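# Structural description and commentary
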Amino acid sequence: MSPSHPRVLITGANGQLGRLVIKGMIKRIPASQVIASVRSVGTARDLAALGVEVRAADYDDPASLAAAFVGVDRVLLISSNAMGKRISQHGHVIDSAKQAGASLIAYTSVLRADTSSLGLADEHLATEKLLQASGVPFALLRNGWYNENYTGNARAAVEHGVILGSARDGRIAAAARADYAEAAAAVMTSDDAQGGKIYELAGDTSFTLAELADEIARQSHKPVSYKDLPENDFKAALIGVGLPEELAGLLADSSVQASQGALFDDGHALSALIGRPTTLVSQSVAEALATKSN
């Protein structure tokens, strides 16, 4: 991609995925071509220090989005984490990108959003329909689960000796968050036309939660087992550790759906896009266990 190529903007750039996308993009194109859209510029000084332009924009504020998108050609819409508000928020982004004359919007959706049984797929599919109606060329990055969704609790699993869930022996084809970020960076900086592309992204390998428990036990040298619970019991356990009821419900539903294959995929599209194998969950477990608690 030449230095004169139109500029690329990443929404939600201050989040965990967004920051990784930024780092991946500036390895591929000059930082001066990258714009980080964040709610508060003051919280992204480190991104600005990389040479990335930081602009203030809020998914709930169309005027701020319109101002941030001036001069932008490609937009990566990283899905909002405000469940129940996503459709409205994403619509604001799509409208602003269209008004700015963007030539491409890429969206971080969910694996097989159009056929998924996951409760959380509804807002993603609705966003995909907004993209279709917008008339702007778009690409769908249908992300599977992150390894970190599970390994983030590895130290707690060691402490309590158990992993809870409702996935039975369902296989989960997860990959590291950084793998998905690298894929997004590849799509956003590609010289190939991306309009109309749909990427079903997941890990090359898969695991059951029992296998995950065994891996954590192996690496920690402590007993860890998987306990499968009825959906309502798992939801109650999640609420018990402080999760909001709506989020707990969606996570419990996702675990149940995993037992039916909703989080499994063997298409290897992610590794093909990033040009290397996806990160094994064992590596993510090692990284999680090596991280000191605050």
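See the structure shown above.
Quick summary incoming for the structure in this document. Since the structure is predicted, the reported quantities are computational estimates derived from the model, not experimental observations.

### Remarks on the side chain of Thr278
Turning to its location among the elements, Thr278 is positioned in the loop between helix H12 (269-274) and helix H13 (281-290). Polar side-chain contacts of Thr278 include one of 2.8 Å to the backbone nitrogen of Asp204. Excluding residues within four positions of it along the chain, Thr278 makes contact with Ala175, Asp179, Ala202, Gly203, Asp204, Thr205, Leu270 and Ser271.

### Re the nonpolar core
Ile10, Met25 and Leu76 are the most contacted members of the largest nonpolar core, which has 55 residues in total. Here the element with the most residues in this core is helix H8 (residues 177-188); it accounts for 7 residues. Those residues in contact with Leu76 that lie beyond four places of it in its chain are Leu9, Ile10, Thr11, Val21, Ala106, Thr108, Leu141, Ala184 and Met188. Among the nonpolar cores identified, the runner-up in size contains 28 residues, and Leu118, Trp145, Ala157 and Ile172 belong to it.

### Remarks on the environment of Gly18
Following the sequence through the fold, Gly18 ends up in helix H1 (residues 16-25). For Gly18, the residues in contact, after removing those within four places along its chain, are Ile10, Gly12, Ala13 and Ile78.

### Points about the environment of Ser103
Here Ser103 shows up in the loop between helix H4 (86-99) and strand S5 (104-110). Here Ser103 falls in the partly exposed class, since its relative accessible area comes to 33%. For the pair Ser103 and Val136, spaced 33 residues apart in the sequence, the C-alpha separation amounts to 6.5 Å. The contact partners of Ser103, leaving out residues within four places of it in the chain, are Asp73, Arg74, Val136 and Pro137. Separated by 2.5 Å, the side chains of Ser103 and Asp73 make a polar contact.

### Notes on the pattern of salt bridges
On inspection of all chains with the given rule, the structure shows 15 salt bridges. Across the pair Glu123 and Arg86 runs a salt bridge, and its minimum N-O distance is 3.9 Å. Of this pair, Glu123 sits in helix H5 (residues 121-134) while Arg86 sits in helix H4, and the two are 37 residues apart along the sequence. Note on Glu123: relative accessible area 14%, which makes it buried. Among the salt bridges present, the one from Glu128 reaches Arg142, with a minimum N-O distance of 2.7 Å. Residue Glu128 is located in helix H5, and its partner Arg142 is located in strand S6 (residues 138-143); the two are separated by 14 residues in the primary sequence. Neither Glu128 nor Arg142 differs from the other in exposure class; each is buried. Within this structure, Asp114, Glu128, Arg142 and Glu200 form a network of salt bridges that share partners.

### Let's talk about the packing of helix H9 (residues 209-220) against H13
Running from N to C, H9 and H13 point in directions that differ by 50°, and their axes come no closer than 10 Å. In terms of their interaxial angle, H9 and H13 are classed as oblique. For the crossing formed where H9 meets H13, the hand is right-handed. Listed contacts from H13 to Leu212, Glu215, Ile216, Gln219 and Ser220 of H9 are Val281, Ser282, Val285, Ala286 and Leu289. Of the residues belonging to the contact of H9 with H13, the class tally is 6 nonpolar, 3 polar and 1 charged.

### Concerning the pairing of S5
Within S5, 7 of the 7 residues are buried, leaving the element largely enclosed by the surrounding structure. Side chains Leu104, Ala106, Thr108 and Val110 project from S5 onto one buried face, and the interleaved Ile105, Tyr107 and Ser109 project onto a second face that is buried too. In terms of strand pairing, strand S4 (residues 72-77) meets S5 through 4 bridges, oriented parallel. Its bridge partner lying in S5, Leu76 is registered against Ala106. In this fold, S4 hands off to H4, which returns the chain to S5; that crossover is right-handed. Pairing geometry for S5 and S6, over 6 bridges, is parallel. Considered in S6, the bridge of Ser109 is made with Arg142. What joins S5 to S6 is H5, and the crossover it makes is right-handed.

Cut-offs and rules
- Residues numbered from 1 in each chain as written.
- Predicted model: local features only at pLDDT ≥ 70, side-chain atom pairs only at ≥ 80, totals over all residues.
- Heavy atoms only, no water.
- Helix = DSSP H or I, 4+ residues; strand = E, 2+ residues; numbered from the N terminus.
- Polar contact = N/O pair within 3.5 Å; in protein donor to acceptor, adjacent residues only side chain to side chain.
- Contact = heavy atoms within 4.5 Å.
- Core = buried A, V, L, I, M, F, W, Y, C linked by side-chain atoms within 4.5 Å.
- Buried < 20%, exposed > 50% of the residue type's maximum accessible area, 1.4 Å probe, protein only.
- Salt bridge = Lys/Arg side-chain N within 4 Å of Asp/Glu carboxyl O.
- Axes fitted to C-alpha atoms, helices over the stretch in contact; angles between N-to-C directions.
- Parallel < 35°, antiparallel > 145°, perpendicular 65-115°, else oblique.
- Left-handed = near helix turned anticlockwise from the far one by under 90°.
- Nonpolar A, V, L, I, M, F, W, Y, C, P; charged D, E, K, R; others polar.
- Pairing = 2+ DSSP bridges.
- Right-handed = clockwise from strand over helix to strand, strands pointing away.

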